[in-house]
Amino acid sequence: MRKYTKQLLKISSKIRLLATDIDGVLTAGEVILLENGEEIKVWNVKDRLGMHLLKQYLPEVKVAWITGRNSKQVELRAKEQKVDFLVQNCQDKIKSLLEIANNLSISLEEIAYIGDDIIDLCILKQVGLSVCPLDAVIEAKKISKYISQYDGGKGVFREVCEILLKSKNMWNEIIKK
């Protein structure tokens, strides 16, 4: 069982919004483009379980997906998983995140963000809990409060959900069930 520091759990206990990039975090960052322009992405079932557990045991924590790309597949996946906020084709991620925070009446300290590349640095620098995948760019690793044990698309989101659940002492209840 993975142990997390008391400091990480303390920061995590204040989180009210879990926001994430998609390509390189929820997926490995690879995109298959079909001749008709349709995108195919590979999603990790562990992340899906993380989302399910978060929604079931911590419904007060909202989820936002913020991505620079635009994909019908992402839209369908977000609806399926009941993502609270989906921002696609985003050119200014911090502006979009601030709009979501304002909508929820929360501060940046109450936000966890998972990002993997330089487009995410502006957010990683400002949120309460900044997380990046193990295979993130070095600049993201330098400023993130936590570096996941997983590469992008391999369960990073699921791990952050576990951290949030553990920070609110929900994990043991889940394991017992």
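Figured I'd write up the structure that's included with this text. Computed from a prediction, not measured in an experiment: that's the story for all the values here. (Residues numbered from 1 in each chain as written. Predicted model: local features only at pLDDT ≥ 70, side-chain atom pairs only at ≥ 80, totals over all residues. Heavy atoms only, no water.)

1. Details of the sheet that holds strand β1 (residues 17–20)
Thought 1: Pairing is parallel across the open sheet formed by six strands, whose spatial order is β5-β4-β1-β6-β7-β8. Looking at which strands have only one partner, the edges of the open sheet turn out to be β5 (85–87) and β8 (146–147).
Thought 2: Direction of pairing for strand β7 (residues 129–132) relative to β8: parallel, over a ladder of two bridges. Across the sheet, residue C132 finds its bridge partner in β8, namely I147.
Thought 3: Together, β1, β4 (62–66), β6 (111–114), β7 and β8 form the strand contacts of helix α7 (residues 156–167), whose direction differs from that of β1 by roughly 165°. (Pairing = 2+ DSSP bridges. Helix = DSSP H or I, 4+ residues; strand = E, 2+ residues; numbered from the N terminus. Contact = heavy atoms within 4.5 Å. Axes fitted to C-alpha atoms, helices over the stretch in contact; angles between N-to-C directions.)

2. What to know about the environment of I163
Thought 1: Inspection of the secondary structure assignment puts I163 in helix α7.
Thought 2: As a C-alpha pair, I163 and L9 span 154 residues in sequence and 6.9 Å in three-dimensional space.
Thought 3: Discounting chain neighbours no more than four positions away, the residues touching I163 are Y4, L8, L9, S12 and Y146.

3. Brief notes about α7
Thought 1: With 12 residues, α7 ought to run about 16 Å at 1.5 Å a step, and its terminal C-alpha atoms sit 17 Å apart, in line with that.
Thought 2: Of all the 12 residues making up α7, 12 are buried; the element is thus mostly covered by neighbouring parts of the structure.
Thought 3: Regarding α7, the residues found buried are V156, F157, R158, E159, V160, C161, E162, I163, L164, L165, K166 and S167.
Thought 4: Just past α7, the residue N169 takes up positive phi, approximately 55°. (Expected span 1.5 Å × (residues − 1). Buried < 20%, exposed > 50% of the residue type's maximum accessible area, 1.4 Å probe, protein only.)

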